[in-house]
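Structural overview for review
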Amino acid sequence: MKAPICEVCLKTDDILCPADEKKLQDGVISELDVKVARLLYKLIGDADMEFKKAVEAGDLIVIVVGEGDVPITIGKGGKNIKALMRELGKRIRVIEAVEVKGTDDVKKLATDLLYPAGVFGVNIVYKPGGGTYYKVLVLNRDRRKLPEKAEVLESILSQIAGEDVKINFI
């Protein structure tokens, strides 16, 4: 399993090697990343999958994994996710990592995260003082289908995309 921390740190509890400790202090990884990586390692072991990062907002934790690794992470019958939910005490969504280069990438992330609500489209909005943000358009009839409050989902999308993301209902 590939993770943001080394294999030795995955296997040990409570202590990180100097290199991973520096990553934690520099903000490259978070405490949540370390915790989720270790829990996943205990559940999945040396499976061929990649854990990228975990993002938390409100009552929801989003686990970002490598391409095609969602089924392995969820586990047969959802057993891995259920175990993670018990350990972390929060709801969990697993989505595939996407390198954000434009609106199509943000749309894929939003579609995965907002499911079962549909994403109508994504626009880039240019602010008057300079700078941009992504506007994710969701049909008004899907408002009740969102897995969490719009503000929480905006926060998660912004953290994953590395850009400001707003959700608008049309």
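Before going into details, it helps to say that this report is about the structure given with it.

Below, the discussion takes up unusual backbone geometry. Here the amide bond leading from Y115 into P116 is cis, since omega sits at 15 degrees, within 30 degrees of zero. For P116, the position within the fold is in the loop between α6 (103–114) and β4 (119–126). With a phi angle near 70 degrees, D14 is a residue other than glycine that sits in the positive phi range. With respect to the element layout, D14 can be found in the loop between α1 (7–11) and α2 (18–26).

For the rest of this paragraph, the subject is the environment of I74. With respect to the helices, strands and loops of the structure, I74 is situated in helix α4 (residues 70–74). For I74, a relative accessible area of 31% gives the class partly exposed. Taking the C-alpha atoms as reference points, I74 and I124, separated by 50 residues in sequence, lie 32 Å from one another. Ignoring any residue separated from it by four or fewer positions in sequence, one finds I74 in contact with K79, N80, I81 and V94.

Our next topic: the packing of aromatic side chains. For the structure on display, the rule yields zero aromatic pairs. Over the ring of F169 we find R143; its NZ or CZ atom is 3.9 Å from the centre of that ring.

Here we come to the pairing of strand β3 (residues 91–96). Note on strand geometry: in a regular strand, side chains alternate between the two faces of the sheet. Most of β3 sits out of view: five of its six residues are buried. As judged from the six bridges shared by strand β2 (residues 60–65) and β3, these two strands associate in the parallel manner. Each bridged residue has a counterpart across the sheet, and for V64 the counterpart in β3 is I95.

Within β2, six of the six residues are buried, which leaves the element mostly enclosed by the surrounding structure. Of the two faces of β2, the one carrying L60, V62 and V64 and the one carrying I61, I63 and V65 are both buried. Pairing of strand β1 (residues 51–57) with β2 involves six bridges; the strand directions are antiparallel. Within β2, the position partnered with A57 by the bridge is L60. Linking β1 to β2, which pair antiparallel, is a turn of two residues; within it G58 sits at a positive phi near 60 degrees.

The rules we used
- Residues numbered from 1 in each chain as written.
- Predicted model: local features only at pLDDT ≥ 70, side-chain atom pairs only at ≥ 80, totals over all residues.
- Heavy atoms only, no water.
- Helix = DSSP H or I, 4+ residues; strand = E, 2+ residues; numbered from the N terminus.
- Buried < 20%, exposed > 50% of the residue type's maximum accessible area, 1.4 Å probe, protein only.
- Contact = heavy atoms within 4.5 Å.
- Phe/Tyr/Trp six-rings, centres within 6.5 Å; stacked < 30°, edge-to-face > 60°.
- Lys NZ or Arg CZ within 6 Å of the ring centre and 35° of its normal.
- Pairing = 2+ DSSP bridges.

None of this, on its own, says anything about what the molecule does.
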